[in-house]
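# Structural features, examined
Read off the chains here:
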Amino acid sequence: ATCPRRLQTHPPASALPGFRHVHLQALLGFGLLVAFLGRYGPGSVAISILVVAFAIQWAILIQGFLYFLLNGKIYMGAQSMVGADFCTAAILISTGALLGRVNAVQMLLLTLLGVTLFSINEYVLLSLMGISDSGGCLTVHTFGAYFGLMVSRILHQPHMDKRKEQQDTGHQPDVFAVLGTIYLWIFWPSFASATTVRNDAEPWAVLNTYFSLAASTLAASVLSPVLYKESTLRMVQIQDAALAGAAVMGMAGEMLVTPFGALIAGFLAGLIPPLGFRFLTPVLRSRLKTQDTCGVHNVHGLPGILGALLGTLLTALATADAYGGRLELVFPLVAQGSRTATDQALCQLCALPVTLLLASLGGCLTG
């Protein structure tokens with residue numbers, strides 16, 4: 001009863017392909033996406049692999065004590081590895097706010113505390129509050145972004161703001177962005193649907209994520225030339241928009257968002273990174289003294305909040321007639337009669353401030 005649906009055991013035949021895709025996304029997708037800095041490119045990839053290697057081991061232990069402990073032993077399977085990869089993805093998002101400012105040992109300490117806090121946040125949201133967050137909208141994107149941002153704020157050093165070379169971009173970063181974006185498009189739909197209950201049901205999370213990715217890319221293509229002088233669309237901008245489009249479907253992906261709704265949500269999410277980098281990032285740097293190296297606030301944080309609000313709205317509108325037998329898979333407590341759709345929506349909404357609070361306090365402690 002204490003095991004969240006996201007971490008329940010599936011037959012190996014159905015879980016192993018999902019694990020492969022999630023692992024590739026965590027290692028290659030995120031590893032290349034954080035390597036856009038010209039000065040820190042190769043080092044960033046090395047640090048991300050180090051973080052992955054350590055985070056998976058620590059997450060298996062922490063999540064094992066929370067979910068898979070039976071008779072003094074931790075039982076492992078492909079699905080527990082998927083849970084560890086989700087945790088690793090959140091930590092890699094956090095490192096994006098700190099690249100070039102911390103060394104490898106400090107990054108391992110960040111991983112040690114970040115994995116623990118991620119697991120606590122996930123346990124509170126999925127087990128105690130019973131929310132639906134299959135694609136990690138809150139647990140991965142929102143937590144990872146604001147945890148990293150708070151650590152960055154605590155580590156603020158005035159002279160670092162003058163080092164504009166950290167924002168250096170050139171041909172090498174574009175190569176990393178091309179590869180990272182391709183892996184993102186290929187594997188993120190599988191990442192978003194890896195923890196959804198299958199039972200031969202239609203893969204709503206896969207379809208909705210693809211629609212959202214497509215719409216967010218169009219949004220960036222429309223808005224970027226308006227905000228910036230250069231008329232040529234850069235690959236880094238498509239990368240950021242695609243990430244935002246994937247993040248906004250983290251909670252709503254397996255719900256009845258409809259293709260039209262996924263296109264609208266993806267388009268709105270795709271507007272966030274260009275606007276954020278143009279207007280919000282300078283404010284973060286100058287007023288709030290927070291240096292966001294990879295722009296995780298625009299790419300993961302704000303789209304994650306938008307996705308949580310969208311998921312809350314869809315939860316409030318959920319009915320047995322619309323979902324049919326799938327209601328028990330997406331909202332088991334509503335299907336069992338333990339909660340009304342309104343109560344479930346309220347829990348989904350309350351999960352947002354809970355995540356922000358744990359991420360902020362944990363980031364302060366870690367920083």
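The name an unreviewed UniProt entry gives the protein is RHBGA protein, with Cepphus grylle as the organism. Checking UniProt for the protein, the heading Subcellular location (unreviewed entry) contains the comment "Cell membrane".

With that settled, consider the packing of helix α5 (residues 137-154) against helix α10 (residues 296-316). Direction vectors running N to C along α5 and α10 enclose 140 degrees, while the axes themselves pass 8 Å from each other. Looking at the two axes, α5 sits oblique to α10. When the axes of α5 and α10 are compared, the crossing they make is left-handed. Packed against α5, whose contacting residues are Cys137, Leu138, His141, Thr142, Ala145, Tyr146 and Leu149, the element α10 presents Val296, His297, His300, Gly301, Leu302, Gly304, Ile305, Gly307 and Ala308 at the interface. Considered class by class, the residues forming the contact of α5 with α10 number nine nonpolar, seven polar and no charged.

We now examine the packing of α5 against helix α14 (residues 341-366). Two numbers describe how α5 lies on α14: the axes approach to 7 Å, and their chain directions differ by 35 degrees. For the pair α5 and α14, the sense of crossing is right-handed. Note on element contacts: α14 touches α5 through Gln348, Ala351, Leu352, Thr355, Leu356, Leu358, Ala359, Ser360, Gly362, Gly363, Cys364 and Thr366, opposite Leu138, Thr142, Phe143, Tyr146, Phe147, Met150, Val151 and Ile154.

Considering all chains together, one arrives at six aromatic pairs under this definition. Where Phe118 meets Phe143, the ring centres are 6.2 Å apart and the plane angle is 70 degrees; that geometry is what we call edge-to-face. Residue Phe118 is located in helix α4 (residues 104-128), and its partner Phe143 is located in helix α5; the two are separated by 25 residues in the primary sequence. Take Phe118: its relative accessible area is 0%, and that puts it in the buried class. The interplanar angle of 10 degrees and the centroid separation of 6.0 Å between the aromatic rings of Tyr183 and Phe187 together place this pair among those described as stacked. One end of the pair is Tyr183 and the other is Phe187, both in helix α6 (residues 171-193) and four residues apart, which spans about a single turn.

Right, let's get into the nonpolar core. With 80 residues, the main nonpolar core has Ile131, Leu138, Trp188, Met249, Tyr323 and Phe331 as its most contacted residues. No other element matches helix α3 (residues 78-95), which puts 11 residues into this core. Other than its neighbours up to four places away in sequence, Phe331 contacts Ser132, Met255, Thr315, Ala318, Tyr323 and Gln344.

Each value, and the rule that gives it
Residues numbered from 1 in each chain as written. Predicted model: local features only at pLDDT ≥ 70, side-chain atom pairs only at ≥ 80, totals over all residues. Heavy atoms only, no water. UniProt positions renumbered as here; feature names shortened; annotations may be inferred. Axes fitted to C-alpha atoms, helices over the stretch in contact; angles between N-to-C directions. Helix = DSSP H or I, 4+ residues; strand = E, 2+ residues; numbered from the N terminus. Parallel < 35°, antiparallel > 145°, perpendicular 65-115°, else oblique. Left-handed = near helix turned anticlockwise from the far one by under 90°. Contact = heavy atoms within 4.5 Å. Nonpolar A, V, L, I, M, F, W, Y, C, P; charged D, E, K, R; others polar. Phe/Tyr/Trp six-rings, centres within 6.5 Å; stacked < 30°, edge-to-face > 60°. Buried < 20%, exposed > 50% of the residue type's maximum accessible area, 1.4 Å probe, protein only. Core = buried A, V, L, I, M, F, W, Y, C linked by side-chain atoms within 4.5 Å.

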